[in-house]
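# Report on the structure
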Amino acid sequence: MINSRVESQKDNPRDWFWPFWLALPVYPYSRRRTLCREIVKDTIWTFEQLHGILYTIVPIRMTVIKLDAGGLLVYAPIAPTVECVRLVNNLVAKHGAVKYIILPTSSGLEHKIFVGPFARQFPAARVFVAPHQWSFPFNLPLSWLGFPQKRTHILPEDSSQAPFGDELDYAILDINLGRGSFVEVAMYHRRSHTLLVTDSVLSIPEEPPEILQLDPYPLLFHARENAHQPIADNPANRRQGWQRICLFAIYFRPSAMEITGWGEMLRDAIKAPNHAPKAYFGLFPFRWRENWQQTFTALRGNGRPFVAPILQTLILPQAPQQVIIWAEQVAQWDFQQIISCHFDAPFAATPEQFRQAFTFLEKNSAVNSYQSLLYEDMKFIQELESNLVKRGIATPAKEKV
């Protein structure tokens with residue numbers, strides 16, 4: 001296995017422009033750089049961009065696989081900027097046309113929103129989507145959402161019936177949430193022993209991913225202790241900023257972080273060395289406790305795969321038996337590495353480790369400690385779930401299996 005960067009022809013900021021950013025107005029807005037990596041020589045590539053809110057940004061990733069039958073399969077498209085399309089076309093020139101585009105989720109707007117524009121860039125490709133697609137506030141036909149009507153298909157329930165089924169297996173997790181479905185399609189590439197997932201499991205690297213280091217300002221912004229501290233670019237600050245970003249992204253309000261009051265925050269902003277819009281006018285409403293790094297170490301768990309707290313609390317407990325059956329089906333495959341759409345990729349993982357990541361849904365599992373996250377850090381999301389249940393927006397979790 002290899003993991004090497006594939007260079008674009010040249011860095012041209014005009015090629016990073018994404019004109020439809022207002023459809024999902026999150027960072028980095030209209031300026032999306034793309035980083036391509038070769039993961040398995042002449043077989044698998046990842047394409048990364050950035051995705052987040054208020055400098056809490058993580059990679060968003062699509063995966064491209066060369067098919068033995070010729071051509072390319074794309075899993076979870078990202079924004080097809082000029083740079084991104086050029087990098088894909090570099091592969092097309094060597095390995096054949098994009099034949100299949102896979103949308104492996106029904107609820108992940110950050111993945112769904114790019115499928116139509118990406119498909120228009122590759123008009124010969126067939127689009128396969130996870131079942132039970134939905135939109136909010138109105139359920140609209142996929143063609144109204146930009147999907148090409150004549151070449152968009154629902155993934156067959158049986159992966160052997162898919163046109164690429166002789167090379168890839170997949171398993172569909174489909175949870176009915178009432179007002180929509182949570183669907184995830186895990187896909188296994190047999191020849192490379194690689195598992196592709198969207199959001200179900202993830203792994204957190206200790207060092208910031210390279211896509212974030214192309215413009216380290218968000219890392220350095222979060223590395224500070226207060227609004228008075230100037231931005232300082234060095235490896236230690238990049239690492240510190242990344243680790244704090246991870247705590248924000250995973251827990252929303254981690255126990256090691258305090259929110260300052262408005263009065264104190266405004267007084268600090270007046271004294272801040274930078275009042276530019278890029279620095280949010282000097283506003284910095286966070287204070288980190290001394291133990292914050294211990295919280296990150298516990299979260300990372302030496303890079304083991306785990307299920308994000310938002311899924312652990314709000315989504316997967318709605319159908320624990322169904323999730324366990326799906327996880328056991330995926331664990332039957334002989335994969336050696338996982339490529340997730342966020343955070344680290346690829347990361348080494350066995351089928352047993354994947355299966356263990358879902359033991360939080362079981363009553364008497366002997367390996368629950370493997371998955372455990374700190375109670376104090378989960379508290380905010382658990383309170384959010386409780387409030388949603390009280391308001392009738394969410395339903396109570398089902399009993400563990």
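Conventions we followed
Residues numbered from 1 in each chain as written. Predicted model: local features only at pLDDT ≥ 70, side-chain atom pairs only at ≥ 80, totals over all residues. Heavy atoms only, no water. Salt bridge = Lys/Arg side-chain N within 4 Å of Asp/Glu carboxyl O. Helix = DSSP H or I, 4+ residues; strand = E, 2+ residues; numbered from the N terminus. Buried < 20%, exposed > 50% of the residue type's maximum accessible area, 1.4 Å probe, protein only. Pairing = 2+ DSSP bridges. Contact = heavy atoms within 4.5 Å. Axes fitted to C-alpha atoms, helices over the stretch in contact; angles between N-to-C directions. Patch = residues over 30% accessible without salt bridge, like charges linked within 9 Å, V, L, I, M, F, W, Y side chains within 5 Å. Areas by Shrake-Rupley, 256 points an atom, 1.4 Å probe, with all protein chains shown as cover. Core = buried A, V, L, I, M, F, W, Y, C linked by side-chain atoms within 4.5 Å. Parallel < 35°, antiparallel > 145°, perpendicular 65-115°, else oblique. Left-handed = near helix turned anticlockwise from the far one by under 90°. Nonpolar A, V, L, I, M, F, W, Y, C, P; charged D, E, K, R; others polar.

Moving on, we get to the pattern of salt bridges. According to the stated counting rule, one finds 14 salt bridges in the structure shown. Between arginine 239 and glutamate 207 there is a salt bridge; the shortest N-O distance is 2.7 Å. One end of the pair, arginine 239, is in helix α6 (residues 235–251); the other, glutamate 207, is in the loop between β11 (194–196) and α4 (210–213), and 32 residues separate them in sequence. Given the relative accessible area of 27%, arginine 239 is considered partly exposed. What makes glutamate 207 partly exposed here is its relative accessible area of 39%.

With an omega of 10°, the peptide bond between tyrosine 27 and proline 28 qualifies as cis. With respect to the secondary-structure elements, proline 28 resides in the loop between β1 (4–6) and β2 (35–40). Each neighbour pair has its own omega, and for alanine 345 with proline 346 the value is -10°, a cis peptide bond. In this structure, proline 346 sits in the loop between β14 (337–339) and β15 (347–348). Non-glycine residue histidine 193 carries a positive phi angle of around 55°. Tracing the backbone shows histidine 193 in the loop between β10 (181–189) and β11. Residue class for histidine 193 comes out partly exposed when judged on its relative accessible area of 23%.

Across the sheet, 5 strands lie side by side as β9-β10-β11-β14-β15; this open sheet has mixed pairing. Two strands close off the open sheet at either side, each with one partner strand: β9 (168–176) and β15. Along the sheet, helix α10 (residues 320–330) makes contact with β9, β10 and β11, crossing β9 at roughly 175°.

Taken together, the side chains of Phe138, Leu140, Trp144 and Leu145 make up a nonpolar region of the molecular surface, amounting to roughly 460 Å² of accessible area. Along the chain, leucine 145 falls in the loop between β7 (126–129) and β8 (152–154).

For the rest of this paragraph, the subject is the sheet that holds strand β5 (residues 72–75). Across the sheet, 8 strands lie side by side as β1-β2-β3-β4-β5-β6-β7-β8; this open sheet has mixed pairing. A strand with exactly one partner marks an edge of an open sheet, and here the two such strands are β1 and β8. Direction aside, neighbouring strands of the sheet carry axes that sit 30° apart on average. Note that β1 and β2 share 3 bridges and pair antiparallel. Each residue of the ladder has a partner; that of serine 4, found in β2, is glutamate 38. Relative to strand β3 (residues 44–53), helix α1 (residues 82–95) is tilted by about 170°, and along the sheet it contacts β1, β2, β3, β4 (56–66), β5 and β6 (98–103).

In this section: the nonpolar core. Counting residues in hydrophobic clusters, the biggest one holds 36 residues, and the most contacted among them are Ile204, Ile250, Trp288, Leu299 and Phe343. Where this core is concerned, the elements lending two or more residues are β4, α4, α5 (217–223), α6, β13 (286–288) and α8 (292–300). When residues of this core are assigned to their parent elements, the largest contribution, 7 residues, is made by α6. With residues near it in sequence (within four places) discarded, phenylalanine 343 still touches Val58, Pro59, Arg61, Leu202, Ser203, Ile204, Trp242, Cys246, Ala249 and Ile250.

What follows covers the packing of α6 against α8. Following both chains from N to C, one finds α6 and α8 inclined at 65°, their axes separated by 10 Å at the closest point. Relative to α8, the element α6 lies roughly perpendicular. Two packed elements cross with a definite hand, and for α6 against α8 that hand is left-handed. Contact residues: Gln240, Gln243, Arg244, Cys246, Leu247, Ile250 and Tyr251 in α6; Trp292, Gln293, Thr295, Phe296 and Leu299 in α8. Here the contact of α6 with α8 is built from residues that sort into 7 nonpolar, 4 polar and 1 charged.

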